[in-house]
Amino acid sequence: MNVTLLLTIMVVFCVILGIEAQGRKYALPDEEDMELENQLKVLNKPPIKSFQTKSGDILDCIDIYKQPAFDHPLLQNHKIQMKPNFKREVEINADTPVDHVVEFKTKFGLPNIRCPPSTVAIRRTKKKDLVNTKYLSSSFTTYSTTNIPYKPYHFVSVEPSAGQIYYGGKTTVTTENPIVGPDQFSTAQIWVQNGPVEEINSIELGWAVHPMLFGDNNTRLFSRWTADGFKNTGCYNMLCPGFVQIHPEYHFGTTITPASIYGVVSYGFTYSVRRDPQSGNWWFILGGSDESIGYWPKELFTHMRSNASVIRYGGIAGGKIKNQTPQMGNGHFATWETTKSCNMRGMKIYNYKGEPKLFLASRVKLRQDTTTKCYDQKFWGWDPDQFGLTVSFGGPGGNCP
Ligand SMILES: *[C@@H]1O[C@H](CO)[C@@H](O)[C@H](O)[C@H]1NC(C)=O
Ligand SMILES: *[C@@H]1O[C@H](CO)[C@@H](O)[C@H](O)[C@H]1NC(C)=O
C-alpha cells in the first residue's frame, strides 16, 4: 500500500469521525436520556460533604430536610419524623436470645464515614443505576411475569397464616455472600405487603448481592417498595423519592461484613420493618442496638396505610438469562446445622401497638416457585432455648423451571 493511499484513507476516516463527533455533539439527547438526567438531578442533591468508599461508591451527606423524599408530590406537606414512637426493643424485650449469630462483629458500611449533624448519608446515583433499575422494575414484579416470556427469578418464603393483620416483621438473618453472575442477583429478605396483586403495596428489605444495582459482588443492605404492583410507583433503595432517611451513617447500599463461613461460624444481624402506631409510617430498624434508619411515609401507600395482610421471610434469586438462576443463601440447601445454610431466626410480627409477638408455628405456610433441586427451605418451628422461630433456606440454583 503506498503512502498516499494510506494518507487518503486516514483523511477520509478522520472526516467521517469528525462528522460523527459533530453529529453527536449537536444531536439533542433523546427524551429518555433527558428524563434520566432529570431524575439524577432530583436524586443527587448538592452534598454538604462527600466520601469515596473503597468499593467505588460516592456517599453524599445531604441536608436531612432536603433529601429526595421531599420531592415526592405526596410528601409536600409531610412533617419529618425524627424518631419512632415505639420503645427500643433492647429495653423491653430480652426474651429471644439469638446465640450463635455473632452479631456484634457485623459491620455496616465503612469506618470513619459519618455525616455531620442534620445530614444523612446517601449513596450517589449513577445514570447506569437508573438504566439498570428501569430494566429491573419492568421485569421483576411480584408474582406476575406477563410481559416477559420466562420467569426471571425464583423465591422461597415462609408466611405466617393468611387472613390476619400485621404491623411489621422482625428477624435475625445470617449474612451470606452467594456467587452471582454480572446479570444476576440473590437476596435474603422480609416482605410486608397488602392489597390485590395488580395494585400490591409492598416493602421488601434485607441483604442482596446485586451487581446490576451495586456494581460489585458485595453483600449489601437493600430495599424495594411499591404502592401499585410495581407499575408506576416505588423503586429499589433510594433510587426514587419516597424513603425518608434519618440515620447519618447507615444507608441502603451499605456493605455488610463479614459473611458467614460455611461450617465454621455464622455472622448476621437483626432488623425489622414496623409500622409506627402513632404516625402510621413504616420504620426500618437495624442492628442489635435498634438503630432507626428511616421510614417509608404512610402517604406513599394506598392499601398499606393502616396495616399489612402478608408477611414473608425468605429469599429471591434471579437474573437476565433465561432459566439460569444463581445461588440463594450460601448456595447450600437448608439444614439444621446453623453454620451450613442461610437462616432467619427470632422471627416475629408486630401487633397494632407496635409490640413484637410470636406467630403460630402450626399455621405457617411454606411457599416456593421452583423445584427443590434448585432451592429449598425448612421451617423449624419454635425453638424455646436458642433461636425462636427459625427457617433455613437456600440452594445452588442452576437451570430452574
Ligand atoms: C462477581 O462474581 C462473578 C461470578 O464469580 C464474576 O463473574 C464477576 O466478575 C464478579 N463481578 C465483580 C464486579 O467482581
Ligand atoms: C387493614 O388495612 C385494610 C386495607 O387498607 C383496611 O381495609 C382495613 O380496615 C385495615 N384494618 C384495620 C384493623 O386497620
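Residues numbered from 1 in each chain as written. Chains lettered and ligands numbered in written order. Predicted model: local features only at pLDDT ≥ 70, side-chain atom pairs only at ≥ 80, totals over all residues. Heavy atoms only, no water.

Quick notes on the site of ligand 2
Stated formally: In these notes, residues near a molecule or strand are those with any non-hydrogen atom within 4 Å of it. The definition of a polar contact used here is a pair of N or O atoms within 3.5 Å, where within protein one atom must be able to donate a hydrogen and the other to accept one, and adjacent residues in sequence count solely through side-chain atom pairs.
Neighbouring ligand 2 are the residues Ile165, Asn194, His303, Ser306 and Asn307. At 3.4 Å, a side-chain N or O of Ser306 approaches an oxygen atom of ligand 2. Asn307 has a polar side-chain atom sitting 2.4 Å from an oxygen atom of ligand 2.

Topic: the environment of Phe214
Heads up, the rule is: A run of H or I in DSSP becomes a helix once it reaches four residues, and a run of E becomes a strand once it reaches two; helices and strands are each numbered from the N terminus. Note on exposure labels: buried denotes an accessible area under 20% of the residue type's maximum, exposed denotes more than 50%, and partly exposed covers the range between, all computed with a 1.4 Å probe on protein chains only. Contacts are assigned to residue pairs that have any heavy atoms within 4.5 Å of one another.
With respect to the helices and strands, Phe214 occurs in helix 5 (residues 211-214). Judged by its relative accessible area of 4%, Phe214 falls in the buried class. Along the chain, Phe214 and Thr254 lie 40 residues apart, while their C-alpha atoms are 9.8 Å from each other. In this view, Phe214 contacts Arg123, Ala208, Arg220, Leu221, Phe222, Asn237 and Gly253; residues no more than four positions away in its chain are not counted.

Description of the pattern of salt bridges
So the rule is basically this: Whenever Lys or Arg places a side-chain nitrogen within 4 Å of a carboxyl oxygen from Asp or Glu, that contact is recorded as a salt bridge.
Tallied over the entire structure, the rule returns 14 salt bridges. As a salt-bridge pair, Glu204 and Arg224 come within 3.0 Å of each other at their nearest N and O atoms. Highlighted residues: Glu204 in strand 9 (residues 201-209) and Arg224 in strand 10 (residues 219-226), separated in sequence by 20 residues. A single burial state applies to Glu204 and to Arg224, both of which are buried. Asp216 serves as the salt-bridge partner of Arg220, at 2.7 Å between the closest nitrogen and oxygen. Relative accessible area serves as the criterion here: at 0%, Arg220 is assigned to the buried category. Several salt bridges converge on common partners, so that one network encompasses Asp57, Arg123, Asp129, Asp216 and Arg220.

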